[in-house]
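Architecture at a glance
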Amino acid sequence: FFCLFIPMSVWRVLGPLMLLIGLALLLVVLIPGVGHAVNGSTRWLGIGIINIQVSEPARLCLLLYIAGYLVRQNKSLRNQFVGFLRPMLLLSVACGLLLAEPDFGAATVLLLTALVMLFVAGARIRDFLLFFSATIIGMVTLAITSPYRMQRLTAFLDPWSDPFDSGFQLTQSLIAIGRGEWFGVGLGASVQKLFYLPEAHTDFVFAVFAEEFGLFGSLLLIGVFLSILWRIFKLAKRAANAERFFEAYLTVGIGTWFGLQAFINVGVNMGLLPTKGLTLPFISYGRSSLIITMISIGILLRVHHELATDTCPVNRKRTSSR
């Protein structure tokens, strides 16, 4: 509700400040004694009565900066490699800080979301190919040099080979999904969430949802996500047609972020992707995740409001009279 009343011009001007805030959050959480560690990952900052997962606000801050950069440096982005390299260097720093936590899932979502924004803004294909080649080499190197990462990346291929250790979460998730059958066991009747399935309220909430509402409910939930994404990208197209490119790029970024995170979460729960600590937007418990998601929705509503105001016949008449 608060973000609905903040003009998009304010967000655009605050872009560089948002960049500094985002990088500062990712850096401060790594300072010994400042960041709060859970399950071996230092991802949270204690602020009063709540812990904030810094990757959530940092992601939105970086997307706001990138959207502004794509407007300011669009010509350079389309014609010169340096225009593509600048945001990539900043993203590399941010992703490096996320990997140091470690938070591989958040780094992946941030990087892919930014790349989609750059592609929509007109970045050259050859620049993408060069960056993808370097990124793949780096990711393979990280996986090979770390037995822990390699185990996390490959355990999902056959979780039943070690169902009480590396495959425990996924096997319990698959059991929950299987118990749901067609129409589920009923709201609140899940058995797997009763301390059988770890992180049932956050990372594996979709498995519990599938257990309680079955295949029918799961397909309905996925359909709701697809409907939201369709509306978001339709809004981005309207913004681009109105030559509001900052709003268009930011809207594309938020929609890609929601879509990627939902896809990865559902894929992890179903054993289609390696296990990653990512919440399901709008569904998972988590204050920082839900707050940042609602802020993003508020920004989208503001974009819609300004576009509707611009296309109002009275406002068009006033603009033409000036």
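Anyway, here's the lowdown on the structure attached to this text. Since this is a predicted model, take the numbers as computed values, not measurements.

1. Description of the overall build of the chain
A count of helices and strands for the chain gives 13 helices and three strands. Split into buried and exposed, the 322 residues of the chain put 45% on the buried side. Only carbon and sulfur atoms are counted for the fraction: they give 69% of the accessible area of the chain, which is about 16,500 Å².

2. Things to note about helix H12 (residues 287-310)
With 24 residues, H12 extends 35 Å from end C-alpha to end C-alpha; this agrees with the ideal 34 Å at 1.5 Å per step. Regarding H12, the residues found buried are Ser 288, Ser 289, Ile 292, Thr 293, Ser 296, Gly 298, Ile 299, Leu 300, Arg 302, Val 303, Glu 306 and Leu 307. The secondary structure elements touched by the buried residues of H12 are helix H1 (8-13), strand S3 (50-53), helix H3 (55-72), helix H10 (205-241) and helix H11 (245-269).

3. Description of the packing of aromatic side chains
Tallied over the entire structure, the rule returns twelve aromatic pairs. Aromatic side chains Trp 257 and Phe 258 sit 5.2 Å apart centroid to centroid with 55 degrees between the ring planes, which places their arrangement in the tilted category. For Trp 257, a relative accessible area of 1% corresponds to the buried category.

4. Focus: the pattern of salt bridges
Under the defined criterion, the tally for this structure stands at seven salt bridges. Close ionic contact of Glu 247 with Arg 244 constitutes a salt bridge, the shortest N to O distance being 2.9 Å. The network of salt bridges with shared partners includes Arg 244, Glu 247, Arg 302 and Glu 306.

5. Thoughts on unusual backbone geometry
A positive phi angle is found at Glu 181, which is not glycine, with a value near 45 degrees. Within the element layout of this structure, Glu 181 appears in the loop between helix H9 (168-180) and H10. Its relative accessible area of 60% is what places Glu 181 among the exposed residues.

6. Notes on the packing of H3 against helix H6 (residues 104-120)
Running from amino to carboxyl end, H3 crosses H6 at an angle of 15 degrees, the nearest separation of the two axes being 11 Å. Classed by the angle they form, the pair H3 and H6 counts as roughly parallel. Between H3 and H6 lies a crossing whose hand is right-handed. Where H3 abuts H6, its residues Ser 55, Arg 59, Leu 62, Leu 63, Ile 66, Ala 67 and Leu 70 lie against Ala 106, Val 109, Leu 110, Thr 113, Ala 114, Met 117 and Leu 118. For the contact of H3 with H6, the class distribution of residues is eleven nonpolar, two polar and one charged.

7. Observations regarding the environment of Thr 293
Topologically, Thr 293 is positioned in helix H12. Each residue touching Thr 293, except ones within four places of it in the same chain, is listed here: Phe 258 and Phe 282.

8. A closer look at the environment of Ala 106
On the secondary structure map, Ala 106 appears in helix H6. Residue Ala 106 is classed as buried on the basis of its relative accessible area of 2%. Between the alpha carbons of Ala 106 and Ser 55 there is a distance of 6.6 Å; along the sequence they are 51 residues apart. Here Ala 106 is in contact with Ser 55, Arg 59, Leu 98 and Leu 278, once residues within four sequence places are set aside.

9. Comments concerning the nonpolar core
Within the largest apolar cluster, 68 residues are counted, with the highest numbers of intra-cluster contacts made by Trp 11, Leu 70, Phe 84, Leu 115, Leu 118 and Leu 250. Beyond its immediate chain neighbours, meaning those up to four positions away, Phe 84 contacts Leu 77, Leu 115, Leu 118, Ala 123, Asp 127, Phe 128 and Phe 131. Within the second largest apolar cluster, eight residues are counted, among which are Val 205, Phe 206, Val 266 and Leu 280.

Basis of the calculations
- Residues numbered from 1 in each chain as written.
- Predicted model: local features only at pLDDT ≥ 70, side-chain atom pairs only at ≥ 80, totals over all residues.
- Heavy atoms only, no water.
- Helix = DSSP H or I, 4+ residues; strand = E, 2+ residues; numbered from the N terminus.
- Buried < 20%, exposed > 50% of the residue type's maximum accessible area, 1.4 Å probe, protein only.
- Areas by Shrake-Rupley, 256 points an atom, 1.4 Å probe, with all protein chains shown as cover.
- Expected span 1.5 Å × (residues − 1).
- Contact = heavy atoms within 4.5 Å.
- Phe/Tyr/Trp six-rings, centres within 6.5 Å; stacked < 30°, edge-to-face > 60°.
- Salt bridge = Lys/Arg side-chain N within 4 Å of Asp/Glu carboxyl O.
- Axes fitted to C-alpha atoms, helices over the stretch in contact; angles between N-to-C directions.
- Parallel < 35°, antiparallel > 145°, perpendicular 65-115°, else oblique.
- Left-handed = near helix turned anticlockwise from the far one by under 90°.
- Nonpolar A, V, L, I, M, F, W, Y, C, P; charged D, E, K, R; others polar.
- Core = buried A, V, L, I, M, F, W, Y, C linked by side-chain atoms within 4.5 Å.

Fair warning: the whole summary comes from geometry, so function is off the table for now.
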